[in-house]
Protein chains: 2
Amino acid sequence: MSLVVVGSVAFDSVKTPFGEVDDALGGSATYFSTAASYFTNVSIVAVVGNDFPEKHLTFLKSRKIDIDGIDKQEGKTFRWKGEYGYELNEARTLDTQLNVFQSFQPKLPAKYRDAKVVFLANIDPDLQRDVLKQVKNPVLVACDTMNFWIEGKRDSLLETLKLVDILLINDGEARELSGEPNLVKAANIILSYGPKTLIVKRGEYGALMFKDDRIFAAPAYPLEAVFDPTGAGDCFAGGFMGYLANTMNFEESNIRKAIIFGSVMASFNVESFSLDRIKSLDYSEIESRFGEFRSLTHFEDIR
Amino acid sequence: MSLVVVGSVAFDSVKTPFGEVDDALGGSATYFSTAASYFTNVSIVAVVGNDFPEKHLTFLKSRKIDIDGIDKQEGKTFRWKGEYGYELNEARTLDTQLNVFQSFQPKLPAKYRDAKVVFLANIDPDLQRDVLKQVKNPVLVACDTMNFWIEGKRDSLLETLKLVDILLINDGEARELSGEPNLVKAANIILSYGPKTLIVKRGEYGALMFKDDRIFAAPAYPLEAVFDPTGAGDCFAGGFMGYLANTMNFEESNIRKAIIFGSVMASFNVESFSLDRIKSLDYSEIESRFGEFRSLTHFEDIR
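So, a few notes on the structure that sits alongside this text. (Residues numbered from 1 in each chain as written. Chains lettered and ligands numbered in written order. Predicted model: local features only at pLDDT ≥ 70, side-chain atom pairs only at ≥ 80, totals over all residues. Heavy atoms only, no water.)

**Describing the relation of the copies chain A and chain B**
Point 1. Its rotation angle being 180 degrees, the transformation that places chain A on chain B also includes 0.0 Å of axial translation and leaves an RMSD of 0.0 Å. This pairing of chains is accounted for by a two-fold axis. Every residue of chain A has its C-alpha some distance from the rotation axis, and the shortest such distance is that of Tyr205 of chain A, at 3.1 Å.
Point 2. A shared binding surface is used by both copies, with 100% of the interface residues of chain A retained as interface residues in chain B. (Least-squares fit on C-alpha atoms with pLDDT ≥ 70 in both. Contact = heavy atoms within 4.5 Å.)

Shown next as structure tokens:
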């Protein structure tokens, strides 16, 4: 089944206590689609500048990702520069150059408009709705957002949330969006905005799913070597949505499995810079780590 | 089977955004033994002042806790005063009056010396070893500690750790004790000090167990109303050790179940001030919340 993602394609310069990398391939749509490509066919909607090298497009195509929705514009590609301390939980942004991303107007190629599953990565909520208008009859829509839109375009974001089945955000964003410090209360407020399912990403502490009055808690995979957390949330979303698009089963039990697949992809991603670890996984490695999540969380019944 | 705990009995004055309480019954041995009393017979070793009211001892006895090891000394009982902000994760200590606890010399009544399971709550590591010398032939010894001893009595603490089967500490303490920010690496270093099992408590993020090269991740129960986190770690230890002492099965699968029982007791405790919630639970409530932990963590196999 086809999965369309709209988001950013970027060059990232990242410094962590374990090394650094300059102008590496990054961006939410890149991480998302690479992670999702292990599960389903993905189509990207994004914009790049004319400085974007062919080799990156060749890589995406090698993952069977449809790149016809990547618009090449006159100008430079979005660039982000950040660094992490030893705790590796939050990046300090050193520089952001939106470049061609500033005037991004997502246009879906005709063949994308029949997509059944859509992921709206973290972009202007006005654009998120523009994209949805271009899809004829989606059956599952999920989105991400960030503090910038929660603070600056709250009304537009709330309009988008009315159209969305699943919202994926981090714990700080959930608290800010709801105005409520307690995460369970925050989740109930956010579910009243429209989404049927809320997934709260907590970095090294895993993810929580809130759906009706039920909660699912998935741990993060405890790693001995976390190298670079950039893109972990997008890889989580990619594994999660890729698995759902592949199975087209949106029952809670399958959403829980999808969360584990998302956690698996995030755990691989943080093991190295950029897409180095997730660009060429074997599916057997993914299955094996899924099994490790089971060992990690399993306990016996009360008797 | 009998379980002996040595630790503090105290008066706590606690302020949280949701209320405050003055001179309420607290202390590590109090929380621990109350939580453990739902699973097994517990015997306390502690010291109180002559200001300690009979009603508190009557309460402990009503939980079938053996209080013959509580030494009443001339002077005042240990007092602690602290407050929590909205995040409720770490207390700010406003005042500590050690009083009779300052010169605590744990003496085990003769009948305690056959105990098979011993918990050394957070006290001077010299005293932890003194207690162990008084127990004839324990089969399971666990302990807690804190930054004060890690910084001030490191050599003595390392001596204690050689004698301990299970160490229960929080994530900050694990990082400080090992000198290693990555928790997986930190755990491996700490296991090399002697304990066969390390349990890292992470407050609202649950707990991690490290044993040989395996890890178990238990979430905390997501609560809509966290009232007062004081004593949560001790209630965790109490539920955990109480279940192990009751079953006398120290295999990993049973340790995992014990961690869930510990998490259950901690989740009840934070629902109100002092021991208000855990002083009169039905065992059916404990079993029911164990089941909720299963719902919270369950996901299906890969196929």
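**Here we look at helix α7 (residues 183-191) of chain B**
Residues and elements named next belong to chain B.
Point 1. Taken residue by residue, α7 has Leu183, Val184, Ala186, Ala187, Ile190 and Leu191 as its buried positions. For α7, the angular spread of buried residues about the axis comes to 160 degrees, placing them on one side.
Point 2. Buried residues along α7 sit in contact with β10 (166-170), α6 (171-178), β11 (197-201), β12 (207-211) and β13 (214-218).
Point 3. In this structure Asn182 caps α7, since a side-chain oxygen of it lies 2.9 Å from the backbone nitrogen of Val184. (Buried < 20%, exposed > 50% of the residue type's maximum accessible area, 1.4 Å probe, protein only. Helix = DSSP H or I, 4+ residues; strand = E, 2+ residues; numbered from the N terminus. Arc of directions from axis to C-beta. Polar contact = N/O pair within 3.5 Å; in protein donor to acceptor, adjacent residues only side chain to side chain.)

**Remarks on the sheet that holds strand β3 (residues 19-26) of chain A**
Residue and element names in this part refer to chain A.
Point 1. Within the open sheet, the 4 strands sit side by side as β3-β2-β6-β7. Their pairing is mixed. Two strands in the sheet have a free side with no partner beyond their single neighbour: β3 and β7 (92-97). Direction aside, the axes of adjacent strands within the sheet are offset by 15 degrees on average.
Point 2. As defined by bridge partners, strand β2 (residues 10-16) adjoins β3 across 6 bridges and the pair is classed as antiparallel. Within the sheet, the bridge partner assigned to Asp12 lies in β3 and is Ala24.
Point 3. The strands that helix α1 (residues 28-36) touches are β2 and β3; relative to β3, the one it contacts most, it runs at about 85 degrees. (Pairing = 2+ DSSP bridges. Axes fitted to C-alpha atoms, helices over the stretch in contact; angles between N-to-C directions.)

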